[in-house]
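Coordinates in review
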Amino acid sequence: MAERLSGRRNTSRSYLARSTTRRAATSTVARRETSAKPQRAADTIFLNAQIITLDRVRPQVQALAIEHGHIAKIGRDREVLSVAGKNTRAWNLDGATVLPGFTDCHTHLVSYGIQLHGANLRKATSISEIQSILRKQAEKTPPGTWVLGYGWDQEKLNERRFPNRHDLDAVVSDRPACITRICEHMCTGNSPALQLANITRTTTPPIGGVIDRDETGEPTGVLRENAMGLVLSHIPAVDGAELRKAISLAMRKAVSAGLTSIHCIVDQPQHVRALQAMSRAGELGARIYVLIPDEWLGPAGEIGVSTGFGDEMLRIQAIKVFTDGSLGARTAALESPYSDSPDTRGVLIHSQDKLNSIIESASRQGFQIAIHAIGDHAIAMALTAIEKARDVVPQCDKLRHRIEHVAVLNPDLIKRIKQAKVIASVQPHFIPSDSWVPARVGRERAKLVYPLRSLLRSGATVVGGSDCPVEPIDPLEGISAAVTSATGDYGERIDAQAAIELFTKNAAYATHEEKLKGTIHEGKVADLVVLDRDPLKVPPEQIRQIKVLATVVGGRIMYGSKRFQAMRTSNERRQLARRHS
Ligand SMILES: [Zn+2]
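Computed from a prediction, not measured in an experiment: that's the story for all the values here.

1. Details of the overall build of the chain
Of regular secondary structure, the chain possesses 21 helices and 25 strands. If you take every contact in the chain between residues at least 6 apart in sequence, the share linking residues at least 24 apart comes to 73%. Taken as a whole, the chain presents about 24200 Å² of accessible surface, with 50% of it coming from carbon and sulfur.

Here's what the structure looks like:
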């Protein structure tokens, strides 16, 4: 490793010698230009890179200069060196790839941060493994406080069943415990948790929720959709400094994965407060676009929160509304029954009328709406609601409404998405994760689940996200999944360029910021990611192995690997190189 590093340093030194020679040769021209109009020197320059701009006019350049957080110049090394001054920080990227910074258009960043403190059940392959993880979690949790776990998936368990209250009671019986399924549309509470929530054999579930019962009518502890709130509402909220710490932790992971913008779905007022406090304190590592729950619609509209509220680091201008659950939990609303559970078509959260009125009132208040809709029935309902709102609210089309997940589609729904100018917000990493899709919906319907190519071909705008913590907060994993994961049974592959655009250019459009970011263009903000290899050139199956060397947000290096740090060419070294040349 040391040898490789020093080798790189040698390369960079000889490179600098060459580039300064070139600079000397062109200095007369540069001087003539600068004498006409004195130029301010760049803060930072990146040289000797493969810069993929995603801009049609100049798709690839070698170097760029950053000034005051914006991209001041792009071009060849010598062109960019012409705007460097003695205080400019220079990086010789040694052939590394630079892309516009990635955006994750669908995360639950705050929950992710909080979950990083709970028990991680994602990898559990049996009920007894869940039990032993919870036992350890209970040991490190102060007595009397909740024992929490996240990420179980019955499909990965040998027993192929949901963990129930008795499984939990066996390891935690003296205090409440609750574990959430990976999709977050289902959870299991132990007996103390059910007691606290007052869930008995006579409890009626709330609308849009299900309390699972055994053959005797006793609650099993499994709660679906809106019924989860009965237990979850008793868990003391994380607030203040602890919450900020959790968000910072999640954000650090996101930024080191190359994210410069994150769409963040919140469900608690204190989450917004924490984000605002962090923004004021300069603690946000990436730009945050906040989606608030539809229940806040009235109050938020009244205080003037809508499209345009916020600044370049933190914006609140979208409403998230649920129409159904998840395919994994069989709560996504389908037109015809589940193939592996013929007595259910899923769960609807709102009636069509109620959904129409939510979408109409959000549109009137100038909010973008992000409608969670997974099943074909839910997607049809979402489209109907948007189509109706377009008829009565003239500004509706300008708000760029979106449907989140858009999983189970058909050609008619795809046509309606395009016609209603709706953004399809997809999470490509569901393709490798959801191997049970053909079982849930049958072979015929499965062919149009996650149809990325058909969506793009229709001309609709498609944007990419992770749905973290459901899937990893790693855009390169998402891009890799979009390019490689479709099996032929379900999902469709797209090429690497299109996949990258889901997380950059298209994502910028989704927040009305296409003039500000999404491509590398002079005048746009300097949101960049530096990668060790070019995702357009490596074999598709290697995309997920690409390493992020650095993440730059508004010209500030928010993450830099050791290798990247070694690429910094110090002033002394540059002067040395100049003297030798
Ligand atoms: Zn989500």
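Still more ground to cover, so stick around.
2. Description of the coordination of the zinc ion
The protein atoms that coordinate the zinc ion are His106 (NE2), His108 (NE2) and Asp467 (OD), at distances of 2.1 to 2.2 Å. Here the donor residues of the zinc ion are spaced in sequence according to H-x1-H-x358-D. Histidine 108 shares its class with histidine 106; the two are buried.

3. Remarks on the sheet that holds strand 16 (residues 287-293)
Pairing is parallel in the open sheet, where 8 strands are placed in the order 8-15-16-17-18-19-20-21. With partners counted over all chains shown, the strands left at the sheet margins are strand 8 (102-107) and strand 21 (462-464), one partner each. Recorded for the sheet is a direction-independent mean angle of 25 degrees between the axes of neighbouring strands. Strands in contact with helix 9 (residues 269-280) are strand 15 (259-265), strand 16 and strand 17 (314-322); relative to strand 17, the strand with the most contacts, it is inclined by about 160 degrees.

4. Here we look at the confidence of the model for the chain
Per-residue pLDDT for the chain averages 89, and the proportion of residues at 70 or more is 89%. In the predicted structure, residues 1-38 sits below a pLDDT of 50 and forms 32 contacts with residues beyond four places in sequence or in another chain.

5. Quick look at the pairing of strand 12 (residues 186-189)
The two faces of strand 12 match: Met186 and Thr188 on one face and Cys187 and Gly189 on the other face are all buried. Bridge count for strand 11 (residues 177-181) against strand 12 is 3 bridges, and the pairing is antiparallel. The residue of strand 12 that forms the bridge with isoleucine 179 is threonine 188. Count of turn residues in the strand 11/strand 12 antiparallel hairpin: 4 residues, of which glutamate 184 carries a positive phi of about 65 degrees. Note that strand 12 and strand 14 (residues 219-225) share 3 bridges and pair antiparallel. Across the sheet, residue threonine 188 finds its bridge partner in strand 14, namely valine 222.

6. So, the packing of helix 8 (residues 240-256) against helix 9
Running from amino to carboxyl end, helix 8 crosses helix 9 at an angle of 70 degrees, the nearest separation of the two axes being 10 Å. Taken together, helix 8 and helix 9 sit at an angle that is classed as roughly perpendicular. Counted together, Leu243, Arg244, Ile247 and Ser248 of helix 8 and Gln270, His271, Ala274, Leu275, Ala277 and Met278 of helix 9 form the full contact between these two elements. In terms of residue class, the contact of helix 8 with helix 9 is made up of 6 nonpolar, 3 polar and 1 charged.

7. A few points about the pattern of salt bridges
If charged atoms from side chains of opposite charge come close, those side chains can pair. Counting across every chain of the model gives 26 salt bridges. For the salt bridge of glutamate 218 with arginine 201, the shortest nitrogen-to-oxygen distance reads 3.1 Å. On the criterion of sequence distance, the pair formed by glutamate 218 in the loop between strand 13 (209-213) and strand 14 and arginine 201 in the loop between helix 6 (191-196) and strand 13 is long-range, its members being 17 residues apart. Accessibility expressed as a relative area gives 44% for arginine 201, which makes it partly exposed. Residues glutamate 283 and arginine 244 are paired through a salt bridge, measuring 2.9 Å at the closest nitrogen-oxygen approach. Taken together, the residues glutamate 283 in the loop between helix 9 and strand 16 and arginine 244 in helix 8 connect sequence positions 39 residues apart. By relative accessible area, arginine 244 is classed as partly exposed at 26%.

8. Digging into unusual backbone geometry
Look at the link from cysteine 468 to proline 469: it is a cis peptide, with omega at 10 degrees. With respect to the helices and strands, the residue proline 469 is situated in the loop between strand 21 and helix 17 (475-484).

9. A word on the environment of isoleucine 374
Checked against the element boundaries, isoleucine 374 lands in the loop between strand 18 (368-373) and helix 12 (376-392). With 42 residues separating them in the primary sequence, isoleucine 374 and alanine 332 have C-alpha atoms 5.6 Å apart. Non-local contacts of isoleucine 374, meaning those with residues more than four positions away in its chain, are made with Asp324, Gly325, Ser326, Leu327, Ala332, Ile379, His405, Ala407 and Val408.

10. Remarks on the pairing of strand 15
Across the 7 residues that make up strand 15, a large majority, 7, are buried. As paired strands, strand 8 and strand 15 are joined by 4 bridges and run parallel to one another. Across the sheet, the residue bridging to aspartate 104 is isoleucine 262, located in strand 15. For strand 15 and strand 16, the ladder comprises 5 bridges, and the chain directions are parallel. Bridge pairing links isoleucine 265 to leucine 291 in strand 16.

Analysis parameters
- Residues numbered from 1 in each chain as written.
- Predicted model: local features only at pLDDT ≥ 70, side-chain atom pairs only at ≥ 80, totals over all residues.
- Heavy atoms only, no water.
- Helix = DSSP H or I, 4+ residues; strand = E, 2+ residues; numbered from the N terminus.
- Contact = heavy atoms within 4.5 Å.
- Areas by Shrake-Rupley, 256 points an atom, 1.4 Å probe, with all protein chains shown as cover.
- Donors = N, O, S within 2.8 Å, 3.2 Å for Na, K, Ca; no water.
- Buried < 20%, exposed > 50% of the residue type's maximum accessible area, 1.4 Å probe, protein only.
- Pairing = 2+ DSSP bridges.
- Axes fitted to C-alpha atoms, helices over the stretch in contact; angles between N-to-C directions.
- pLDDT = per-residue confidence, 0-100.
- Parallel < 35°, antiparallel > 145°, perpendicular 65-115°, else oblique.
- Nonpolar A, V, L, I, M, F, W, Y, C, P; charged D, E, K, R; others polar.
- Salt bridge = Lys/Arg side-chain N within 4 Å of Asp/Glu carboxyl O.

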